[in-house]
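Chain by chain, the residues run as shown.
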Amino acid sequence: MNETRLVTRRMADHPADSHTIERYEATGGYSQARRSLQMGRERLVELVKESGLLGRGGAAFPAGMKWSFLAPARPAYLVVNADESEPGTYKDRQLLERDPHQLVEGIIIAAVANEVHHAFVYVRGEYARPARRLQRAVEEAYGRGYLGKDIFGSDYDLEVVVHLGAGAYICGEETALLNSLEGHRGEPRLKPPYFPAATGLYGKPTIVNNVETISNLPHILELGADGFRKLGHPEDTGTFLFSVSGHVRKPGNYELPHGITWRELIFEVAGGLREGRTLKCWIPGGASAPWFVPADHLDLEITKDATGRAGSMLGSGAVVVMDDTTCVVRAAQRIVRFFAHESCGQCTPCREGTSWLEMILGRIEEGAGREVDVDVLLDVADNISVGLAWPPRMTTICPLGPSAVSPVSSITRYFKDEIMAHIHQAGCPLR
Amino acid sequence: MTAPHRWSEETLARARDLIARYPERRSALMPLLYLAMAEEGHLTEAGMETVAELLGITPAQVLSVASFYTMYKREPVGRYLISCCTSISCHLLGSDELLAAIEDEAGVPAGETDPDRLITVESVECIGACGGAPAVQVNYETVEGVDPEAGRELVRWLRKARPEVIVADELQTLFGGRTGFDWAIPDDEGAVGPYPAFGPLGTAGRES
Ligand SMILES: Cc1cc2nc3c(=O)[nH]c(=O)nc-3n(C[C@H](O)[C@H](O)[C@H](O)COP(=O)(O)O)c2cc1C
Ligand code: SF4
Ligand code: FES
């Protein structure tokens with residue numbers, strides 16, 4: 001199974017210098033940004049709509065539709081979400097380090113399409129090197145007149161600021177990100193307004209898109225909507241970057257079309273499991289996603305809809321593979337701990353509930369669990385995410401709280417025996 | 001209140017440059033907090049007061065924001081901050097053993113600094129290096145595929161070599177193993193303190 005390279009093409013062909021402006025321009029770079037200036041907002045929005053591009057930051061929202069929601073007031077802003085902090089996800093880091101000019105060109109296109117003259121890239125604080133690479137690319141682009149005043153000799157001005165976060169996963173949520181960028185605590189905003197496109201940064205119309213989403217734009221202009229659609233699945237066009245990690249032989253970021261199966265991804269692309277091990281379960285789309293198991297999901301097509309119908313999501317594209325040596329109680333506790341740690345504390349069910357889940361899972365794992373603990377877990381989970389519905393019914397300001405429930409609903413559904421064994425043997429049966 | 005003149009002229013110039021990049025002054029708060037850390041090694045009350053003054057907000061507002069984010073260290077930390085990822089992908093590949101080895105070699109539990117103020121160890125959530133698990137950062141420069149013995153060597157090396165600049169590629173060569181993707185492009189930029197090396201902060205090597 002070969003990768004279908006679009007956003008990872010240049011770095012594969014020119015590993016030593018894919019990040020330089022010289023290489024970028026020698027491989028056709030910035031010609032689409034020039035074209036975008038001739039096209040203007042209407043044609044660009046229409047093109048991206050027709051391309052079928054879905055956002056790659058987790059929610060898979062149609063990018064062109066989001067752009068069409070932009071309120072008419074000006075100034076408007078563009079914010080690129082490079083906060084990438086969902087455990088298991090490391091694709092945007094590779095795009096930033098290895099092909100930062102692709103992102104800069106995408107930013108120019110998105111800015112022109114949304115009549116934006118001031119764009120921001122919010123990079124998570126731990127990504128110092130990726131941020132430096134991007135900053136250098138931005139400076140090179142300024143140096144050649146591709147950013148700044150009268151870009152490409154037109155009368156269009158565009159400023160780009162690279163902004164460093166400071167270690168808070170919740171700032172990946174777009175309204176929290178905007179608060180953070182305004183110099184406030186990174187707490188998600190109450191909805192409505194549902195879209196920053198209406199009221200965003202400084203109360204102005206704002207487009208927030210993920211690094212991978214924006215990095216696709218030069219390719220959509222180059223290939224045209226049809227060419228881009230043809231590469232992917234009819235429902236999920238173009239390519240998708242899967243960050244595969246955990247117990248596989250070949251972890252990595254793989255750029256693939258939708259529509260292959262989990263079996264192909266895990267066993268062919270990622271090289272299968274380590275010697276003598278068998279597949280126990282996997283997380284199909286980042287720490288927030290409910291888990292899949294081989295008996296039910298291995299031959300499922302990987303598309304947004306098929307994954308959703310099976311009760312999970314592709315999310316940020318992080319696939320975390322666990323083999324038969326994995327203690328699922330520990331694994332679940334580790335993920336719940338993450339959400340408890342990252343809860344911003346505004347909503348009681350999330351703030352209190354996640355800590356309770358972490359504590360109860362911890363006590364089961366240590367062998368101090370009680371018979372009733374499974375019911376207690378489910379009860380607490382139900383208080384955070386009513387009915388444990390998928391997609392979750394929202395009782396909180398943002399989806400972080402309900403996300404913490406995913407590992408709990410997964411292990412109580414698929415691995416109840418293993419939880420009970422911990423309780424009955426007063427310890428981990430796998431040790 | 002402490003006047004901004006506590007900061008060097010160079011830092012103040014950087015601060016003014018940062019403020020000018022944003023449509024609204026207050027947006028420069030996060031980068032200014034990093035500048036304050038770079039000035040004094042960690043975020044002090046005086047540093048926060050200076051930031052407040054530069055932005056025209058109150059020190060309480062600055063503290064409220066600073067305390068929200070884990071990378072603004074309001075207690076002194078060592079010259080080298082070792083952040084061990086113990087999130088799910090690293091956990092599956094032995095991060096707990098790695099953290100234990102690093103704690104043992106450094107002689108301090110996670111969350112603490114050694115008596116020489118040289119090394120602080122912390123356990124952190126995912127640092128975006130999951131394909132190269134288990135991963136660690138030193139002053140926010142990443143090293144991937146670190147086994148417990150390499151973790152010990154890393155601590156011993158920091159103590160002995162006391163590098164001026166922490167460079168990811170050097171760490172990776174000396175202590176790393178498998179990476180999540182091909183890094184391909186070596187560079188010599190790196191961190192000079194326990195805060196992210198991102199211009200106009202204290203970045204050494206080739207200025208970015
Ligand atoms: C808790 C939480 C964390 C998120 N983290 C990220 C992130 O790190 N990067 C990202 O691009 N989107 C993240 N998102 C999604 C953003 O809110 C937003 O939908 C996305 O950036 C929009 O870009 P897209 O349409 O291009 O996907 C997160 C959402 C939630 C609820
Ligand atoms: S759900 Fe959790 S993280 Fe989201 S706003 Fe509420 S408390 Fe904050
Ligand atoms: S889980 Fe450790 S780097 Fe992502």
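Along each chain, numbering runs from 1 in the same order as the chain's sequence is written. Whichever chain is written first is A, and whichever ligand is written first is 1; the rest continue in order. Note on the predicted model: pLDDT of at least 70 is required for a residue's local features to be given, and 80 or more for side-chain atom pairs to be given and counted; whole-chain, interface and lining totals, by contrast, use all residues. Processing note: side-chain calculations cover all non-hydrogen atoms of the structure and skip hydrogens and water entirely.

1. Section: the overall build of chain A
- Helix numbering and strand numbering both begin at the N terminus, where a helix is a DSSP run of H or I of at least 4 residues and a strand a DSSP run of E of at least 2. If you tally the helices and strands in chain A, you get 18 helices and eight strands.
- To get the radius of gyration, use the C-alpha atoms; to get the globule rule, take the number of residues to the power 0.38 and multiply by 2.2 Å. For chain A, the C-alpha radius of gyration of 22 Å lies close to 22 Å, the compact-globule estimate for 431 residues.
- Exposure categories follow from relative accessible area, calculated using a 1.4 Å probe and restricted to protein chains: below 20% of the type maximum is buried, above 50% is exposed, and the middle band is partly exposed. Counting across all 431 residues of chain A, residues that qualify as buried make up 64%.
- The contact definition used throughout considers only heavy atoms, calling two residues in contact when any of these lie within 4.5 Å. Across chain A, every contact between residues at least 6 apart in sequence was considered, and the portion connecting residues at least 24 apart equals 71%.
- The Shrake-Rupley method, run with a 1.4 Å probe sphere, supplies the accessible areas, and residue values consider only the shown protein chains as cover. Looking at chain A as shown, the accessible area adds up to about 14,600 Å², and 50% of this sits on carbon and sulfur atoms.

2. Some details on the overall build of chain B
- For chain B, the count of helices and strands is eight helices and seven strands.
- Relative to the compact-globule value of 17 Å for 208 residues, chain B shows a C-alpha radius of gyration of 18 Å, a close match.
- Residues counted as buried form 61% of the 208 residues belonging to chain B.
- For chain B, the proportion of contacts with a sequence separation of at least 24, taken over those separated by at least 6, is 64%.
- Counted charges follow a simple rule, with Lys and Arg positive, Asp and Glu negative, and His plus the chain ends left uncounted. By convention, charge coordinates are those of NZ in Lys, CZ in Arg, CG in Asp, or CD in Glu. Between the centroid of the 17 positive side chains of chain B and the centroid of its 33 negative side chains there is a distance of 4 Å.

3. Side note on the domain arrangement of chain A
Residues and elements named next belong to chain A.
- Residue ranges for the domains trace back to a domain assignment, done automatically or taken from a database. As far as domains go, chain A holds domain 1 (9-230), domain 2 (239-323) and domain 3 (328-424).
- Taken over C-alpha atoms, the centre of domain 1 sits 35 Å from the centre of domain 3.
- Contact with domain 1, which involves 11 residues of that partner, is made by eight residues of domain 3.
- One speaks of a salt bridge when a side-chain nitrogen belonging to Lys or Arg is within 4 Å of a carboxyl oxygen belonging to Asp or Glu. Summed over the shared surface of domain 1 and domain 3, the number is zero salt bridges.
- Pairs of N or O atoms are called polar contacts if they sit within 3.5 Å, as long as, within protein, a hydrogen donor faces a hydrogen acceptor (for residues adjacent in sequence, only side-chain-to-side-chain pairs). Counting the contacts that link domain 1 with domain 3 gives three residue pairs in polar contact (both at pLDDT 80 or more).
- Of the residues contributing to the side of domain 1 that touches domain 3, the split by class is six nonpolar, one polar and four charged. Each residue receives one of three labels: charged for Asp, Glu, Lys and Arg, nonpolar for Ala, Val, Leu, Ile, Met, Phe, Trp, Tyr, Cys and Pro, and polar for the others, Gly being one of them.

4. Digging into the sheet that holds strand β4 (residues 136-138) of chain B
All names here are of chain B.
- The strand order β2-β3-β1-β4-β5 describes an open sheet built from five strands, whose pairing is mixed. The open sheet has two edge strands with one neighbour each: β2 (112-113) and β5 (141-143).
- At least two DSSP bridges between two strands are required for those strands to pair. The pairing of β2 with strand β3 (residues 119-124) spans two bridges and is classified as antiparallel. Bridged to E112 within β3 is V121.

5. Here we look at the interface of chain B and chain A
- If you look at the interface, chain B gives 57 residues, while chain A gives 72 residues.
- Reported buried area values correspond to the accessible surface (1.4 Å probe) lost by two parts on association, with both partners' losses combined. For the pair chain B and chain A, the summed buried area comes to about 5,300 Å², and 56% of that belongs to carbon and sulfur atoms.
- The closest approach of N and O atoms between R129 of chain A and D169 of chain B, which form a salt bridge, is 2.7 Å.
- Elements that contribute at least two residues to the side of chain B that touches chain A include exactly α2 (29-40), α4 (59-66), α5 (88-92), α6 (95-106), β5 and α8 (168-175) of chain B.
- For the side of chain B that touches chain A, a count of residues per class yields 27 nonpolar, 17 polar and 13 charged.

6. Thoughts on the side chain of S51 of chain A
All names here are of chain A.
- Mapped onto the elements of the fold, S51 is located in helix α3 (residues 31-51).
- On the basis of relative accessibility, which here comes to 0%, the residue S51 falls in the buried class.
- S51 has contacts with I220, A225, F228, R229 and T237, leaving out every residue within four places of it along the chain.

7. Notes on the site of ligand 1
Residue and element names in this part refer to chain A.
- Only a single heavy atom is needed: when it lies within 4 Å of a molecule or strand, its residue is near that molecule or strand. Not every one of the 17 residues close to ligand 1 is listed here, only the nearest: G57, K66, N209, N210 and T213.
- One nitrogen or oxygen atom from the side chain of N81 is found 2.9 Å from an oxygen atom belonging to ligand 1.
- Within the side chain of N210, one N or O atom sits 2.7 Å away from an oxygen atom of ligand 1.
- Protein chains shield 89% of the accessible area of ligand 1, which is 600 Å² for the free molecule.
- It is strand β4 (residues 206-210) that contributes the most residues to the shell around ligand 1, three residues altogether.
- Taken together, the residues that form the shell around ligand 1 break down as three nonpolar, eight polar and six charged.

8. A short note on a negative patch on the surface
Residues and elements named next belong to chain A.
- Grouping into patches uses exposed residues only, defined as over 30% relative accessible area, and leaves out salt-bridged ones; the cut-off is 9 Å for like charges and 5 Å for nonpolar side chains (Val, Leu, Ile, Met, Phe, Trp, Tyr). A contiguous patch of negative charge, built from E42, E46, E50 and D226, is present on the exposed surface.
- No other element matches α3, which puts three residues into the negative patch.
- By the secondary structure assignment, E46 is in helix α3.

9. What about the environment of Q333 of chain A?
Residue and element names in this part refer to chain A.
- Note on placement: Q333 falls in helix α14 (residues 328-342).
- Distance from Q333 to R363, taken between C-alpha atoms, is 9.8 Å for residues 30 residues apart in sequence.
- What Q333 contacts, discounting residues up to four positions off in sequence, is E358, L361 and G362.
- A polar atom in the side chain of Q333 sits 3.4 Å from the backbone oxygen of E358.

10. Thoughts on the site of ligand 2
All names here are of chain A.
- Near ligand 2 you find 13 residues, and of these C344, Q346, C347, C350 and C398 are the closest.
- If you map ligand 2 onto the pockets, it falls in the second largest cavity.
- Taken together, the residues of the shell around ligand 2 sort by class into eight nonpolar, five polar and no charged. Here a cavity denotes grid points, spaced 1 Å and computed from the protein atoms alone, that fit a 1.4 Å probe unable to get out, and a pocket denotes an open set having protein on both sides within 12 Å along at least 5 of 7 lines; residues with an atom within 4 Å of a point are the lining. What decides whether a molecule sits in a cavity or pocket is whether more than half of its atoms lie within 2 Å of the grid points.

11. Observations concerning the side chain of E141 of chain B
- Tracing the backbone through its elements, the reader meets E141 of chain B in strand β5.
- The class for E141 of chain B is buried, based on a relative accessible area of 1%.
- In this structure the side chain of E141 of chain B is engaged in a polar contact, spanning 2.9 Å, whose partner is the side chain of R132 of chain A.

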